[in-house]
Structure formats: C-alpha cells, structure tokens
Amino acid sequence: MYFQVENEQVVPVDKNIFLKERNVVAIYDRKEWEEEKELQNTYQLTQYIEKVHFCKVERHIGYLFGTCYVPIPKEHMKHKEFVFYILEGKIIFIDDSNTIAKEITRIVEAKIRRNYSLERLLYDLLINLIENDLLFLELIEQEISKIEEHVLRGTLDNFNMKMLEIKKMIAKLYRYYSQMTDLGEEILDNEEEFFDKEGYATFRVFTDRASRLQNETQTLREYAMQVQDVYQSEIGIRQNNVMKVLTIVTTIFLPLTLIVGWYGMNFVYMPEISWKFGYPMVILISAIIVIGSLLLFKKKKYW
C-alpha cells in the first residue's frame, strides 16, 4: 500500500509514484518487505527486522530506523508491533498487525487540517497510539482505589495476586511511555533534516504527552506501593490485636495458675485443705481476680 500527502489530502498511489515523488508513505508486511529488494538496495536499508520488544529510533546514514512495541489497553498481555524507516520525503512501514493501515484509513476519513504534511501524518500516527491511554490510566487508578477501600474494611481476598497483576501492568506501561518519550526526542533532534522546521515541531507535542503519561504512570506506581504499605500495616494491626487479646488472657489467668499451683502442693498441714469453706473461697477469690482484671483493663482502655 502506498499513499501520498498531496494538496492537503492523503491519497492512495502506486509504487512508481512512491519511488519518484516526495511526501509519500509505503506499508509492507514482513513477507512483502523481504521480497522488496529494489528499495532496500536503492536506499541501503540494511537493518535486519528481528522480533520487536521495545520502542526506539536509531540513526543510520541516510535514514532513521525505528521500532514500536505497543501494549493494547485492557489487554496488557497482548501487543501490536511494527517497524519503520524515515528517509528524506518518504516513510516506510513494515507492519504485520495492520495497525498503520487502519490508522491511515482513519486519518483519510477524518477532516485533515490545513497545510497537512508528511511530518503531520507521522505525528498523527504516533499520537493515535497513545490517544486514549490517559483514560486507561484513570481506570487503573480507580481499581487501586477500590483495593485500598477493601483493605481498610478488611474485606479483600487475594490482595497480593491482584496487586502483583496491577504492578506488572504499570511497569510495562511505564517502560512503554519512557521509550516513546525517547523516540519522540530522537525525531525532534532532526539532525539529518528529514523534516522541515515547521512540520517537525509538532513532535514536541507528542513527546510532551508521552512524558506526561510516563509521569502519570510513575504516580500510579507510587500509589500502588502506598496501598501495599497500608495492607502490611493492616496486617500488623490485626496481629497486634491478636497478641493483645492473648496477653490479656494470659495476664488474667496467671494469678489463677499461681493459686492452683500453690494449693496443688498438698502439704499435710495446709489449714485451708481441711476447711469446709476452702473450696467456695477459692472460687470467690478467682472470680474477684478475673472481674477485677477485666475492669482494670477496660479502665486503661487495653480492650
């Protein structure tokens, strides 16, 4: 597929026009690109396309080579990937995911701005990749907030698994936005002057937006860590409460244990053993000790 930005429109063209004209875009899948020896030899596009795992832009003699590894919101275990070459007046995409073709179709169907250019087309393609990500980050924040509420109420199960899943997602998004920020800055350098000054300045907007998303993701990471600290604190408080109850019970029954041990010695000349009121008296003393201890603990607000 070949397109040209002409008269403020993005129009389909054939390969001959792509080779001869400027402000043109080509889209290949991986198999088609392996067979496209003419372009590779003409522009010395020698980069080997391995499996993409990150976003970056590399500088080479006569062109820029870039890769994009884009997580799919709400499907964080899935992604879409493509690579691209930026030459003077031309951009070549190699994309098996059909992402670029869909985005260009979307751009063609939309109302194009005045003074539309190849730089603006590339900007639109990149900005569309992160267009709705802020809303997705807000959903993650709401999910963390719900988990925090359940933690404080003591009604959350499987906290560690849920938080681990969210933290993995946040870490993946943070790396993605960090790489996209670096990608935008590399294009902004424009050392090869592939873009005119008016056109490439739009990439500052893309870089700033990617940077803000990176900062938002870092904030979410810190929020998740705070919620985890709250969870650990709640566990500590519950353990302290259990220990407090056990301590109170131990303190109450310690004097009773002393009485039992004392009279369990069974010496012959212990006068209380032969006293007919000895047993009721021990019961009374034990009850006084228990009630007195409970009243004392309540007064001291130990329970």
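Residues numbered from 1 in each chain as written. Predicted model: local features only at pLDDT ≥ 70, side-chain atom pairs only at ≥ 80, totals over all residues. Heavy atoms only, no water.

**Looking at the pattern of salt bridges**
Applying the stated criterion across every chain yields a total of 11 salt bridges. Two residues, Glu-88 and Arg-22, come together in a salt bridge whose shortest N-O distance is 3.7 Å. One end of the pair, Glu-88, is in the loop between β6 (75-87) and β7 (90-94); the other, Arg-22, is in the loop between α1 (15-20) and β3 (24-28), with 66 residues separating them in the sequence. Arg-120 serves as the salt-bridge partner of Asp-124, at 3.7 Å between the closest nitrogen and oxygen. Of this pair, Asp-124 and Arg-120 are both found in helix α5 (residues 118-129), 4 residues apart, which corresponds to roughly one turn of the helix. Residue classification places Asp-124 among the buried positions, given a relative accessible area of 7%. Each of the salt bridges in this network shares a partner with another, and the network as a whole consists of Lys-15, Glu-36 and Glu-38. (Salt bridge = Lys/Arg side-chain N within 4 Å of Asp/Glu carboxyl O. Helix = DSSP H or I, 4+ residues; strand = E, 2+ residues; numbered from the N terminus. Buried < 20%, exposed > 50% of the residue type's maximum accessible area, 1.4 Å probe, protein only.)

**Concerning the nonpolar core**
By size, the foremost hydrophobic cluster in this structure holds 56 residues, and its most contacted members are Cys-68, Phe-93, Leu-126, Ile-140, Ile-144 and Leu-183. When residues of this core are assigned to their parent elements, the largest contribution, 12 residues, is made by helix α7 (residues 159-189). Contact partners of Ile-140, with chain neighbours within four places excluded, come to Ile-166, Met-169, Ile-170, Leu-173 and Leu-220. Membership of the second largest hydrophobic core comes to 19 residues, among which are Val-13, Phe-18, Leu-45 and Leu-87. (Core = buried A, V, L, I, M, F, W, Y, C linked by side-chain atoms within 4.5 Å. Contact = heavy atoms within 4.5 Å.)

**A few points about the pairing of β7**
Burial of β7 is extensive: 5 of the 5 residues sit out of reach of the surface. Both faces of β7 are covered, namely the face carrying Lys-90, Ile-92 and Ile-94 and the face carrying Ile-91 and Phe-93. Direction of pairing for β3 relative to β7: parallel, over a ladder of 5 bridges. Bridge pairing in β7 links Ile-27 to Phe-93. (Pairing = 2+ DSSP bridges.)

**Here we look at the pairing of strand β4 (residues 56-60)**
The pairing of β4 with strand β5 (residues 63-72) spans 5 bridges and is antiparallel. Bridging from a neighbouring strand, Lys-56 pairs with Thr-67 of β5. Hairpin remark: β4 followed by β5, antiparallel, with 2 residues in the connecting loop; positive phi at Gly-62, about 90 degrees.

**Side note on unusual backbone geometry**
Non-glycine residue Asn-23 carries a positive phi angle of around 55 degrees. As for its placement among the helices and strands, Asn-23 is situated in the loop between α1 and β3. The phi dihedral of Asn-98 is positive, around 65 degrees, even though this residue is not glycine. Relative accessible area serves as the criterion here: at 39%, Asn-98 is assigned to the partly exposed category.

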